[in-house]
Protein chains: 4
Amino acid sequence: MTQSHILTLSCPDRPGIVHAVTGILFRHGGNIRSSRQFEDPETGLFFLRIVFATAAGGDSIRAEMAATAAQFDMDWRLVPADRRMRVLILVSKFDHCLGYLLYQQRIGELPMEIVGIASNHPRDALRVAIPDDIPFHHLPITPDTKPAQEAQIKALVEDSGAELVVLARYMQILSDDLAGFLAGRCINIHHSFLPSFKGARPYHQAHKRGVKMIGATAHYVTADLDEGPIIHQATEPVTHADTAESLVRKGRDIESHVLGRAVAWHVEHRVLANGSKTVVFGD
Amino acid sequence: MTQSHILTLSCPDRPGIVHAVTGILFRHGGNIRSSRQFEDPETGLFFLRIVFATAAGGDSIRAEMAATAAQFDMDWRLVPADRRMRVLILVSKFDHCLGYLLYQQRIGELPMEIVGIASNHPRDALRVAIPDDIPFHHLPITPDTKPAQEAQIKALVEDSGAELVVLARYMQILSDDLAGFLAGRCINIHHSFLPSFKGARPYHQAHKRGVKMIGATAHYVTADLDEGPIIHQATEPVTHADTAESLVRKGRDIESHVLGRAVAWHVEHRVLANGSKTVVFGD
Amino acid sequence: MTQSHILTLSCPDRPGIVHAVTGILFRHGGNIRSSRQFEDPETGLFFLRIVFATAAGGDSIRAEMAATAAQFDMDWRLVPADRRMRVLILVSKFDHCLGYLLYQQRIGELPMEIVGIASNHPRDALRVAIPDDIPFHHLPITPDTKPAQEAQIKALVEDSGAELVVLARYMQILSDDLAGFLAGRCINIHHSFLPSFKGARPYHQAHKRGVKMIGATAHYVTADLDEGPIIHQATEPVTHADTAESLVRKGRDIESHVLGRAVAWHVEHRVLANGSKTVVFGD
Amino acid sequence: MTQSHILTLSCPDRPGIVHAVTGILFRHGGNIRSSRQFEDPETGLFFLRIVFATAAGGDSIRAEMAATAAQFDMDWRLVPADRRMRVLILVSKFDHCLGYLLYQQRIGELPMEIVGIASNHPRDALRVAIPDDIPFHHLPITPDTKPAQEAQIKALVEDSGAELVVLARYMQILSDDLAGFLAGRCINIHHSFLPSFKGARPYHQAHKRGVKMIGATAHYVTADLDEGPIIHQATEPVTHADTAESLVRKGRDIESHVLGRAVAWHVEHRVLANGSKTVVFGD
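Residues numbered from 1 in each chain as written. Chains lettered and ligands numbered in written order. Predicted model: local features only at pLDDT ≥ 70, side-chain atom pairs only at ≥ 80, totals over all residues. Heavy atoms only, no water.

## Here we look at the overall build of chain A
Right, on to step 1. A tally of helices and strands in chain A yields seven helices and 13 strands.
Right, on to step 2. What you see for chain A is a C-alpha radius of gyration of 20 Å, in line with the 19 Å of a compact globule of 283 residues.
Right, on to step 3. Counting only C-alpha atoms and orienting by the principal axes, one finds that chain A spans roughly 60 × 40 × 35 Å.
Right, on to step 4. Counting only residues that meet the buried cut, chain A has 59% of its 283 residues in that class. (Helix = DSSP H or I, 4+ residues; strand = E, 2+ residues; numbered from the N terminus. Rg over C-alpha atoms; globule rule 2.2 N^0.38 Å. Buried < 20%, exposed > 50% of the residue type's maximum accessible area, 1.4 Å probe, protein only.)

Right, dumping it as structure tokens:
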């Protein structure tokens, strides 16, 4: 019985990488379903994502890959394609992104397992119905309790085995410590077209500046606020007749989709880190 | 014989404005072809643009409008719809925007008269063919000669009767003095989605930041660089595979169109100033 | 105490309409909040939508409007701005559009009252949670029972006082009789960029044809299938790598938003009929 | 001294293709600059485009590729990356697409050699300035002279060695004979979002139908009018206020860019035929 696997890797670019890797797959009877690669002329790095099916066991491939990976100095990962990533979602009062993620997950479009939802507000502050089988955690926060609350978040991540934390309009600024703890496994949605309008109330900033488009940005969280590697962005035209409130309203759909696409790409192992940037082998 | 006119005005909002203005038009046999208005809830200002046709003379309408304008404290303008605005275009070496404006003008889509093209580079540095009936002015500039060169630009504006100056990728920063001289009648195209990536080499800034969309912004020039009222913006998706050079390439079309739309709207009296913002009654 | 009203009208275009109407509003102390108009040069029809606030009663304005309307042969309507239209939603098994409408309504973005949801499938066939305070009607249908089922829909419309029926991916073709009964008050979402790919399985048609963009169309239902007046359309790029299934998936968001905008515009009285076309005074 | 090459191929999908091909490149010291592939699950076909640099001669690679190609039943092509495709452009009176192609070519964005421009109208019917070093052919056509005129086109293609013929708003319908002669090497721009509004005057059809978006489609020419494989499409929103004329105007930019992208992709060997569809390894 064949099984599908996803192989991702990055390494310094040099001749022979694809030949070596496809050789391993070929020797294991692998049938390549899709393959995407990128050579960054600036960093000299090579990035590869291959989806393949084989009757051979993952361990056998893994063993041969390890040798090749050492030879080419690869950062690599091989996962069964049907393995669902464990995801924790943090949210505040604005729950449109949460609702969108829940629905997409329910209809099978987000191949992930939601291991919990945490909010600094109580469950009944949300308008979205949270399925009973998803644990909800009310983690209130005040300036004084911030370190304790963040410790709770850390514990939640570890206890739930969450591999990805999604800040779905979680309106709290993470401490450097928590940001560092979550490095590379935490996606935030910022409600502006970064790097425009960093920080608070970006739609109000946008309205004040009189821009003619608004946008949203999904990015990995780093200690440097709103500066993390960008995964996805989208924009929409607005006019002089828009108020700050109508920008907020129009922005909801953009935010939901931008975050939804970014999360989907991450859990499908389509996003590879490239320093302060990302390589996205989108669908 | 009827003639079409364009009436634009702004004033503090209060009941009766439209009734009063349409009353004047009605008494002069005016037939309204299109009308757009906007009430800014923040500034309390009212904006109106009416296109109407009448057999009555413009002077008679103008006289009656003057009284009403005084009553409502209006900033207003009445121009024949077929009057072509006089436009001076400044350009450096990158001439794609110039080429686009020239073509649009030639096929009748930009109702304006190009009274001159000026560049800090000689004519043969441009790849676009400049029609023989449009005066070309080579105005070289060095740090030392900047005041003198800007004096030449001022003289050119005055001698040519230019009502609008278009900076079509004119890669020089105007002095505060020249920016002030051209206030409200000078449109610049900035090759980024402002307020992101102000200043020099925005595509390189964008590439370095790893954004997933690029854009362009047409705005009125003010002394505060890249901070003038925005008229139009557009964006386009890019990917990790784009280099700074490919961003420059992809940006050319966006820049050309964004500037083309902004200029078209300005010369058709569709753009009204609203403090540091614009009201755009687009087509 | 002032109250906001929405006035919409259409009539043969001729001088004096706006002056007459704004005169009525002025005499009633009306303060115009927004006004949009359109003169169709082909049909010679004039369309107007005014939002205004006044302390005067609606009946008094209505009385004076009636006289003016008769004079100008107007088709007109005056409604309190805070009056919520009564809406019935029909759905089959695909419930993403329903979920989107429910959420938008809940957060206050769709000023309407959902008086019922009806489906040819039972409630538990839906993945969206339907609020308990919205009546759900299971109206199964077979070729034999179609007339009876449509009679149930008619009764539902009449009993609930529904002013608008939304076909939110209701996968049944209405009979001419029911389509006629609902004329002008029924919006459908078709999952293609009409007039491309009318009829069944449009994403599969699109995939087969190899198009590079897909779209969705919200339109009023008429007896002529997929030919009713179009309210809104949107598109999204796709590639050779998309399967019919991935088009279905990508289309969900487009459908939801296109329908959501069309419904919002309808219930805010922003859509006026213009023969087989619509005039949309969008936000 | 290294030279860049572009290798494109398609063949029935089966394990080992990429390994075999990259093996050839590896043995010739090839450094892969970019690689794109696609496995069509419906047709079972595999498509590959590799850009690589090597100091080895093309003939040596070609010889080894021939054996592998036979083994995998490949349809393949290997060309030097700096080889410029020879292109003949046909145009009628509307010359905005021609102007765009000429400018893009001049600034180095379209790596092709324009070996001639032919029109059924005389040179002075065009508003675009045609460079003196590009031969212009006036090939008038009437119903009676159509076969003779098409024979002239065929002769032009053969004499000029044109590898691609671009119909840049060439408003003549090709005979089945000429369409067959040009099969796979002729790109047309149709001014609608196909399959909507085939045939003549698509903007007028679109205006009559009351659509809310317009578009353009670049496709390979086949005997079946407007049914050829689609390479690229784009759309733009329009409103009730647009006339057929304003659709024509707005469409010009869309047409120019859609055709420009399609031609760029073709001459860079980024478009592979897949039955009645295309595989586009876009930039």
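## What to know about the UniProt feature "domain: ACT" (unreviewed entry) in chain A
Right, on to step 1. In the numbering adopted here, UniProt assigns the feature "domain: ACT" (unreviewed entry) to residues 6-83 of chain A.
Right, on to step 2. When the span residues 6-83 of chain A is considered, its composition is 33% helix and 41% strand, and the gap between its end C-alpha atoms is 10 Å. (UniProt positions renumbered as here; feature names shortened; annotations may be inferred.)

## A closer look at the side chain of His191(B)
Right, on to step 1. Along the polypeptide, His191(B) turns up in the loop between strand 9 (186-190) and helix 6 (202-209).
Right, on to step 2. One polar contact links His191(B) to Arg169(B), side chain to side chain, over a distance of 3.3 Å. (Polar contact = N/O pair within 3.5 Å; in protein donor to acceptor, adjacent residues only side chain to side chain.)

## Details of the relation of the copies chain A and chain C
Right, on to step 1. Superposing chain A onto chain C takes a rotation of 180° plus a shift of 0.0 Å along the axis, which leaves an RMSD of 0.0 Å. Here the two chains are linked by the operation of a two-fold rotation axis. Considering only C-alpha atoms, the part of chain A nearest the rotation axis is Ala129(A), at 3.7 Å.
Right, on to step 2. Most of the interface of chain A is mirrored in chain C, where 100% of its interface residues again form contacts. (Least-squares fit on C-alpha atoms with pLDDT ≥ 70 in both. Contact = heavy atoms within 4.5 Å.)

## Comments concerning helix 1 (residues 17-27) of chain B
Right, on to step 1. The buried count for helix 1 of chain B comes to eight of eleven residues, which makes it a mostly enclosed element.
Right, on to step 2. Burial in helix 1 of chain B covers these residues: Ile17(B), Val18(B), His19(B), Val21(B), Thr22(B), Gly23(B), Ile24(B) and Leu25(B).
Right, on to step 3. Buried residues along helix 1 of chain B sit in contact with strand 1 (3-12), strand 2 (31-39), strand 3 (45-54) and helix 2 (58-72) of chain B together with helix 1 (17-27) of chain C.

## A closer look at the pattern of salt bridges
Right, on to step 1. Within this structure, the stated rule accounts for 52 salt bridges over all chains.
Right, on to step 2. Salt-bridge contacts for Glu255(A) lead to Arg169(A); the nearest nitrogen and oxygen are separated by 2.7 Å. Residue Glu255(A) is located in helix 7 (residues 244-267), and its partner Arg169(A) is located in the loop between strand 8 (164-167) and helix 5 (176-181); the two are separated by 86 residues in the primary sequence.
Right, on to step 3. Take Arg169(A): its relative accessible area is 6%, and that puts it in the buried class.
Right, on to step 4. For the salt bridge of Arg261(D) with Glu236(B), the shortest nitrogen-to-oxygen distance reads 3.9 Å. Here Arg261(D), found in helix 7 (residues 244-267), pairs with Glu236(B), found in strand 11 (residues 230-237), and the two come from separate chains.
Right, on to step 5. In this structure Arg261(D) comes out as partly exposed when scored by relative accessible area, which is 27%.
Right, on to step 6. Sharing partners across several salt bridges, the network here consists of Glu109(A), Arg249(C) and Arg252(C). (Salt bridge = Lys/Arg side-chain N within 4 Å of Asp/Glu carboxyl O.)

## Here we look at the interface of chain C and chain D
Frequently, the measure chosen for interface size is the accessible area removed from exposure when the parts meet.
Right, on to step 1. Between chain C and chain D, the residue contacts involve 33 residues of the former and 33 residues of the latter.
Right, on to step 2. For the pair chain C and chain D, the two sides together bury roughly 2,700 Å², of which 56% comes from carbon and sulfur.
Right, on to step 3. Counting every contact that joins chain C to chain D gives two salt bridges.
Right, on to step 4. In this structure, the salt-bridge partner of Glu227(C) is Arg209(D), at a minimum N-O distance of 3.6 Å. (Buried area = accessible area lost by both parts, 1.4 Å probe.)

## What to know about the packing of aromatic side chains
Right, on to step 1. Scanning the model with the defined rule gives six aromatic pairs over all chains in all.
Right, on to step 2. With centroids separated by 6.1 Å and ring planes inclined at 20°, the aromatic side chains of Phe38(C) and Phe47(C) adopt a geometry described as stacked.
Right, on to step 3. Over the ring of Phe181(A) we find Arg185(A), and its NZ or CZ is 4.7 Å from the ring centre. (Phe/Tyr/Trp six-rings, centres within 6.5 Å; stacked < 30°, edge-to-face > 60°. Lys NZ or Arg CZ within 6 Å of the ring centre and 35° of its normal.)

## Some remarks on the environment of Lys250(D)
Right, on to step 1. Mapped onto the elements of the fold, Lys250(D) is located in helix 7.
Right, on to step 2. Along the backbone, Lys250(D) and Pro237(D) are 13 residues apart, and their C-alpha atoms lie at a distance of 9.7 Å.
Right, on to step 3. Filtering out sequence-adjacent residues up to four positions away, Lys250(D) remains in contact with Asp283(B), Ile214(D), Glu236(D), Val238(D) and Asp242(D).

## Overview of unusual backbone geometry
Right, on to step 1. Note that the residue after Leu194(A), namely Pro195(A), is joined by a cis bond; omega there is 10°.
Right, on to step 2. Here the phi dihedral of Asp73(A) falls at roughly 60°; this positive angle occurs in a residue that is not glycine.
Right, on to step 3. Inspection of the secondary structure assignment puts Asp73(A) in the loop between helix 2 (58-72) and strand 4 (75-80).
Right, on to step 4. For Asp73(A), a relative accessible area of 57% puts it in the exposed group.
Right, on to step 5. At His269(C), a position not held by glycine, the phi torsion is positive, near 60°.
Right, on to step 6. Among the structural elements, His269(C) can be located in the loop between helix 7 (244-267) and strand 12 (271-274).

## Some thoughts on the interface of chain A and chain C
Right, on to step 1. Across the boundary between the two partners, chain A contributes 18 residues, which contact 18 residues of chain C.
Right, on to step 2. Between chain A and chain C, the buried area comes to about 1,700 Å², and carbon and sulfur atoms account for 45% of it.
Right, on to step 3. Sorting the residues of chain A by area buried against chain C places Tyr103(A), Arg127(A) and Arg249(A) first, and these three jointly supply 29% of that buried surface.
Right, on to step 4. Viewed at the interface, chain C and chain A are joined by six salt bridges.
Right, on to step 5. Of the residues in the side of chain A that touches chain C, the class split is four nonpolar, three polar and eleven charged. (Nonpolar A, V, L, I, M, F, W, Y, C, P; charged D, E, K, R; others polar.)

## Regarding the relation of the copies chain C and chain D
The pair of chain copies shares a relation made of a rotation about an axis and a shift along it.
Right, on to step 1. Take chain C, turn it by 180°, move it 0.0 Å along the axis, and it overlays chain D with an RMSD of 0.0 Å.
Right, on to step 2. When the interface residues of chain C are mapped onto chain D, 100% of them again fall at the interface, so both copies present the same face.

## Some words on the UniProt feature "active site" (unreviewed entry) in chain A
Right, on to step 1. This chain's UniProt record puts "active site" (unreviewed entry) on Asp226(A).
Right, on to step 2. Within the secondary structure layout, Asp226(A) lies in the loop between strand 10 (213-220) and strand 11 (230-237).
Right, on to step 3. Asp226(A) sits in the buried class, given a relative accessible area of 7%.
Right, on to step 4. Beyond its immediate chain neighbours, meaning those up to four positions away, Asp226(A) contacts Asn188(A), His190(A), Leu194(A), Lys198(A), Gly199(A), His219(A) and Arg209(B).
Right, on to step 5. In terms of polar contacts, Asp226(A) uses its side chain to reach the side chain of His190(A), at 3.4 Å.

## Quick word on the sheet that holds strand 7 (residues 136-138) of chain B
Residues and elements named next belong to chain B.
Right, on to step 1. In space, the seven strands of this open sheet follow the order 7-6-5-8-9-10-11, with mixed pairing throughout. Every interior strand has two partners, whereas the edge strands, strand 7 and strand 11, have only one. Direction aside, neighbouring strands of the sheet carry axes that sit 20° apart on average.
Right, on to step 2. Packing against the sheet, helix 7 (residues 244-267) makes contact with strand 5 (85-91), strand 6 (112-119), strand 8 (164-167), strand 9, strand 10 (213-220) and strand 11, and its axis sits at approximately 30° to strand 10. (Pairing = 2+ DSSP bridges. Axes fitted to C-alpha atoms, helices over the stretch in contact; angles between N-to-C directions.)

## Here's the deal with the environment of Ser119(B)
All names here are of chain B.
Right, on to step 1. On the secondary structure map, serine 119 appears in strand 6.
Right, on to step 2. Accessibility expressed as a relative area gives 2% for serine 119, which makes it buried.
Right, on to step 3. Separated by 31 residues in sequence, serine 119 and leucine 88 have C-alpha atoms that sit 11 Å apart.
Right, on to step 4. Leaving out residues up to four positions away in the same chain, serine 119 has contacts with Val91, Ser92, Phe136, His137, His138, Leu139 and Pro140.
Right, on to step 5. Side-chain polar atoms of serine 119 contact the backbone nitrogen of histidine 121, separated by 2.9 Å.

## Some remarks on the sheet that holds strand 6 (residues 112-119) of chain D
Residues and elements named next belong to chain D.
Right, on to step 1. Spatial ordering of the open sheet is given by 7-6-5-8-9-10-11, a layout of seven strands whose pairing is mixed. The outermost strands of the open sheet, each flanked by one partner alone, are strand 7 (136-138) and strand 11 (230-237). This sheet shows a mean twist of 20° between the axes of neighbouring strands, independent of strand direction.
Right, on to step 2. As defined by bridge partners, strand 6 adjoins strand 7 across three bridges and the pair is classed as parallel. Bridging from a neighbouring strand, isoleucine 117 pairs with phenylalanine 136 of strand 7.

## Regarding the packing of helix 3 (residues 96-106) of chain A against helix 7 of chain A
Residues and elements named next belong to chain A.
Right, on to step 1. Remark: helix 3 packs on helix 7, axes separated minimally by 9 Å, with the N-to-C direction vectors making an angle of 45°. In terms of orientation, helix 3 lies oblique with respect to helix 7. At the point where helix 3 passes helix 7, the crossing takes the right-handed sense. From helix 3, His96, Cys97, Tyr100 and Leu101 reach across to helix 7, where they touch Arg252, Glu255, Ser256, His257, Leu259, Gly260 and Val263.
Right, on to step 2. Within the contact of helix 3 with helix 7, the residues separate by chemical class into five nonpolar, four polar and two charged. (Parallel < 35°, antiparallel > 145°, perpendicular 65-115°, else oblique. Left-handed = near helix turned anticlockwise from the far one by under 90°.)

## Some thoughts on the packing of helix 1 of chain C against helix 2 (residues 58-72) of chain C
Residue and element names in this part refer to chain C.
Right, on to step 1. Orientation of helix 1 relative to helix 2, taken along the N-to-C sense of each, is 170°, at an axis distance of 10 Å. Comparing the axis directions of helix 1 and helix 2 gives the class roughly antiparallel. Residues Ile17, Ala20, Val21, Ile24, Leu25 and Arg27 of helix 1 lie in contact with helix 2, whose contacting residues are Ile61, Glu64, Met65, Thr68 and Phe72.
Right, on to step 2. Of the residues assigned to the contact of helix 1 with helix 2, the class counts are eight nonpolar, one polar and two charged.

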